[in-house]
Amino acid sequence: MSAVSLPEVVEELLAEAREAHSGRAGRTVRGHSDHRLRHTVIALRAGAELSDHESPGEATLQVLHGRVRLTCEDGDWEGSAGALTDIPPTRHGLIADDDSAILLTVALS
């Protein structure tokens, strides 16, 4: 059994994101070669974004800290700490309205 403290990871990655030129930092916390799910924490400084990109397949986004907007052609989704949504199966992007951190969970093939 493996365990990780998400609040500790969020704190570390937010500090990195605040200093990074890109305004973001990330770390896969579970889901390497022998798993069916990959869990990645992504921290974004307020105003930073992940530009539009293709859907990774079946995936969810959970807001761990702050407020974010998931953008796609079908409309935006706004979430704050504790909110969970499915990632749309279309091109989408992510914008941090505040210093934010999300948990991205992706089903691996």
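Up top you'll find the structure we're talking about.
Computed from a predicted structure; not experimentally measured.

J.: Explanation requested: the sheet that holds strand β7 (residues 84-86) in the structure shown.
T.: As a general point, the strands of a sheet are linked pairwise by backbone hydrogen bonds and lie either parallel or antiparallel. If you trace the 5 strands from one edge of the open sheet to the other, you get β1-β2-β9-β4-β7, paired in antiparallel fashion. With one partner strand each, in any of the chains shown, β1 (24-30) and β7 form the two edges of the open sheet. Averaged over all neighbouring strand pairs, the angle between strand axes comes to 20°, with direction disregarded. In the sheet, strand β4 (residues 59-65) pairs with β7 via 3 bridges, with the strands oriented antiparallel. Paired with Thr60 across the bridge in β7 is Asp86. Across the sheet, helix α1 (residues 6-19) lies against β1, β2 (37-44), β4 and β9 (100-107), angled at about 155° from β1, the strand it touches most.

J.: When you look at the nonpolar core in this model, what are you seeing that I'm missing?
T.: As a rule of thumb, nonpolar side chains are buried together in soluble globular proteins. Judged by nonpolar contacts, the single largest core of 14 residues is most densely connected at Leu44, Leu61, Val68, Leu94 and Ile102. Among the secondary structure elements, those contributing two or more residues to this core are β2, β4, β5 (67-72), β8 (92-96) and β9. With residues near it in sequence (within four places) discarded, Leu61 still touches Val68, Leu70, Trp77, Ala83, Leu84, Thr85, Ile87, Leu94, Ile102 and Leu103. Listed in part, the 10 residues of the second largest apolar core include Ala25, Val41, Ala101 and Leu103.

J.: For this particular structure, what's the right way to read the environment of Ser51?
T.: Summarising the element assignment, Ser51 is placed in strand β3 (residues 49-53). Note on Ser51: relative accessible area 49%, which makes it partly exposed. In this structure the C-alpha to C-alpha distance between Ser51 and Leu61, which are 10 residues apart in sequence, comes to 16 Å. Setting aside its immediate chain neighbours within four residues, Ser51 contacts His92 and Gly93.

J.: Just checking my understanding: could you explain the pairing of strand β6 (residues 77-80) for this structure?
T.: Here is the key point about a regular strand: its side chains alternate between the two faces of the sheet. As judged from the 4 bridges shared by β5 and β6, these two strands associate in the antiparallel manner. Following the sheet pairing, Arg69 is matched in β6 by Glu78.

J.: Is there a simple way to think about the environment of Leu64 in this case?
T.: With respect to the helices and strands, Leu64 occurs in strand β4. The spacing of Leu64 and Ala101 is 37 residues in sequence and 5.4 Å in space, taken between C-alpha atoms. Excluding residues within four positions of it along the chain, Leu64 makes contact with Leu6, Val10, Val41, Ala81, Ala101, Ile102 and Leu103.

J.: Quick question: what am I supposed to make of α1 here?
T.: Given 3.6 residues per turn, any residue in an α-helix points the same way as the ones three and four places further on. Taking 1.5 Å of rise per residue, 14 residues should cover 20 Å, and α1 covers 20 Å from first to last C-alpha, within 8% of that figure. When α1 is considered as a whole, its buried residues turn out to be Val9, Val10, Leu13, Leu14 and Ala17. Buried residues of α1 fall within an arc of 130° about the axis and therefore sit on the same side. Counted as exposed and oriented over 90 degrees from the buried face of α1: Glu8, Glu11 and Glu19.

Calculation rules
- One numbering rule holds for all chains: residues counted from 1, following each sequence as written.
- With the structure being a predicted model, the display of local features is reserved for residues of pLDDT at least 70 and the display and counting of side-chain atom pairs for 80 or more, all residues being used for whole-chain, interface and lining totals.
- Side-chain figures throughout are based on the complete set of non-hydrogen atoms in the structure, without hydrogens or water.
- In short, DSSP must find at least two bridges between two strands for them to pair.
- In this description a helix means any DSSP run of H or I spanning at least four residues, a strand means any run of E spanning at least two, and both kinds are numbered starting from the N terminus.
- Working convention: axes come from line fits to C-alpha atoms, limited for helices to the stretch in contact. Angles between N-to-C directions cover 0 to 180 degrees.
- In this description, contact between two residues means that some pair of their heavy atoms is separated by no more than 4.5 Å.
- Buried Ala, Val, Leu, Ile, Met, Phe, Trp, Tyr and Cys residues that are joined via side-chain atoms within 4.5 Å together make up what is termed a nonpolar core.
- Working definition: with a 1.4 Å probe on protein chains only, accessible area under 20% of the residue-type maximum means buried, over 50% means exposed, and in between means partly exposed.
- Any helix carries an expected span of 1.5 Å times its number of residues minus one.
- Regarding the arc, it is the one traced by the directions from the helix axis to the C-beta atoms.

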